[in-house]
Amino acid sequence: MISSSLVPIRRRLALLACHLVVALVALVVIGGATRVMEAGLACPDWPLCYGSFLPGRQMNVQVFLEWFHRLDAFVVGMALVVQLAVAWWWRRQLPGWFLPLSALLLVLVLAQGGLGALTVLQLLPSGVVTAHLALALTLLALVSGSSQLLLAPIEPKVSSDQVSHGSRFEAAPLWWRCLAALSLLAVASQCLLGGRMATSWAAQRCLEAGQSCQWLHWHRSAATPVAICVLGFVAIALLAGGWARRQWPLLLGLAALVSTQITLGVLTLRLGLSQPAVTVAHQLVASLLVALLAALLCRRQTCLSPGPLPVVLDPSTLEPAHG
């Protein structure tokens, strides 16, 4: 929920950030579907597809996936351009960190476009495709975290002659931030390990011919400590009580995503990678984990100080009282 204490421009930017999180999750998932369906080179040229913005006669499922992936990336890029322009125009009413972050996000999305071009023009090299995924996850984490910071209510400013007690909005406890950051790093690393395995087709070669099995072994072996790290964060937060326990809907959602991800991973191998929908769902849950952990990392807590809430009087509404 968006607090009514936010200034209008900050509220709109928070909504834009939330929509960008959805668009970036879709971008990662569609990119994974493009790889699973072997559609990475369905459009042989870049940035157009068969020399046009919307291919007609060549359109099929594979071409559509690659074309829609590029379209989603273009929409994200345009949204970040607008965000940067708004951040500069309204910089005095926005937090000081927002303008540099908006500039960084635009630079990252331009670099992402460059990696996308190299992916097509150099015929899907594994290292470039993995770097493409790494940059996408970085964008997703930054936008998700910034959405939480923008959604945090603004603490009312009071003068020295006014009551200064009431609610204050502060960063989460240090242990919360450390555990959330560690969990985010672990999940992102596992995603990149899985991406490297997928882009080199190591899982298929291992299951079919017994080759390149070390990548599959590393990915499976790392899954257990990553799951323990995330579930440990959830357990500690629930046991800590107070503000941390009040985040239980998000924490339980995080635990549910981890359980779902483990189930999908096992099912993917049991099916021998024969069901693209299961593999794409595995990538979807991974991107949702990254987005949720980044949001929890940047979540702010409300600290209630003893005493009455601040009272700010408007002199224009006062009337003389006689008695």
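Residues numbered from 1 in each chain as written. Predicted model: local features only at pLDDT ≥ 70, side-chain atom pairs only at ≥ 80, totals over all residues. Heavy atoms only, no water.

1. Concerning the overall build of the protein
Put simply, the rule is: In this description a helix means any DSSP run of H or I spanning at least four residues, a strand means any run of E spanning at least two, and both kinds are numbered starting from the N terminus. Between buried and exposed lies partly exposed: a residue is buried under 20% and exposed over 50% of the maximum accessible area for its type, with that area taken using a 1.4 Å probe on protein chains only. In what follows, residue pairs with any heavy atoms lying within 4.5 Å of each other are defined as contacts. All accessibility values rest on the Shrake-Rupley procedure with a 1.4 Å probe; residue burial counts only the protein chains present in the view.
Each helix and strand counted, the protein has 10 helices and 2 strands in total. Secondary structure of the protein in N-to-C order comes out as α-α-α-α-β-α-α-α-α-α-α-β. With 323 residues in all, the protein has 42% of them scored as buried. Residue pairs at least 24 apart in sequence account for 74% of intrachain contacts in the protein once pairs closer than 6 positions are excluded. Per element, the accessible surface of the protein, about 17300 Å² overall, is 68% carbon and sulfur.

2. Considering a nonpolar patch on the surface
We count it as follows: Only residues above 30% relative accessible area that lack a salt bridge enter a patch, with like-charged residues linked at up to 9 Å and the nonpolar side chains Val, Leu, Ile, Met, Phe, Trp and Tyr linked at up to 5 Å. Here, a salt bridge means any side-chain nitrogen of Lys or Arg that lies within 4 Å of a carboxyl oxygen of Asp or Glu.
On the surface, a cluster of nonpolar side chains totalling about 360 Å² of accessible area is made up of Phe74, Val75, Met78 and Val81. Counting through the fold element by element, Val75 comes out in helix α2 (residues 61-89).

3. With respect to the side chain of Gln83
To keep things clear, this is the line we draw: Here a polar contact is recorded for every N or O atom pair within 3.5 Å, except that within protein the pair must consist of a potential hydrogen donor and a potential acceptor, and residues adjacent in sequence are included only if both atoms are side-chain atoms.
Relative to the assigned elements, Gln83 resides in helix α2. Within the structure, Gln83 has its side chain in polar contact with the side chain of Ser102 (distance 3.4 Å). The residues touching Gln83, leaving out its near neighbours within four places in the chain, are Leu13, Leu16, Leu20, Phe98, Ser102 and Leu105.

4. Regarding helix α7 (residues 213-240)
This is how the line gets drawn: One less than the residue count of a helix, multiplied by 1.5 Å, gives the span that helix is expected to have. Two axes are fitted around each residue, one to the seven residues ending there and one to the seven starting there, and the angle between them is reported as the bend at that residue.
Here α7 spans 41 Å end to end across 28 residues, near enough to the 40 Å set by a 1.5 Å rise per residue. Maximal helix bending in α7 amounts to about 25 degrees, located at Ala223; proline Pro225 follows within four positions. Inspection of α7 places Leu216, His219, Val226, Ala227, Cys229, Val230, Phe233, Val234 and Ala237 among the buried residues, and these make up the whole buried set. Looking at the buried residues of α7, the elements they touch are α5 (174-199), α6 (202-209), α8 (242-245), α9 (248-270) and α10 (276-297). In the stretch just after α7, Gly241 is the one whose phi turns positive, near 75 degrees.

5. A word on the state of the cysteines
Stated precisely, the cut-off is as follows: Here, two cysteine sulfur atoms that lie within 2.5 Å of each other are counted as a disulfide.
As enumerated under the stated definition, the model contains 2 disulfides in all. Put simply, Cys43 and Cys49 are joined by a disulfide, and their sulfur atoms are 2.0 Å apart. Looking down the S-S bond of the Cys43 and Cys49 bridge, the torsion is -75 degrees, so its handedness is left-handed. Assigned by exposure class, Cys43 and Cys49 land together as buried. Across the disulfide, Cys206 is cross-linked to Cys213 (sulfur-sulfur distance 2.1 Å). Taking the sign of the S-S torsion, 105 degrees for the link of Cys206 and Cys213, the bridge is right-handed. The class of Cys206 is buried, set by a relative accessible area of 15%. The connectivity of the disulfide bonds within the protein can be written as 1-2, 3-4, using the sequence rank of each bonded cysteine.

6. A short note on empty space enclosed by the protein
Using the following cut-off: Cavities and pockets are defined on a 1 Å grid built over the protein atoms alone: a cavity is a set of grid points where a 1.4 Å probe fits but cannot escape, while a pocket is an open set with protein on both sides within 12 Å along at least five of seven lines, and lining residues are those with an atom within 4 Å of any such point. Grid points are joined across faces, edges and corners, and a volume is the space filled by probe spheres set on the points. Amino acids outside the nonpolar list (Ala, Val, Leu, Ile, Met, Phe, Trp, Tyr, Cys, Pro) and the charged list (Asp, Glu, Lys, Arg) are all regarded as polar, and Gly is one of them.
Going through the model one piece at a time under the given rule, you end up with 1 cavity of 30 Å³ or more. The computed volume of the largest cavity comes to approximately 30 Å³. Per element, the largest residue contribution to the lining of the largest cavity is 3 residues, and it comes from helix α3 (residues 98-121). Classifying every residue of the lining of the largest cavity gives 6 nonpolar, 2 polar and no charged.

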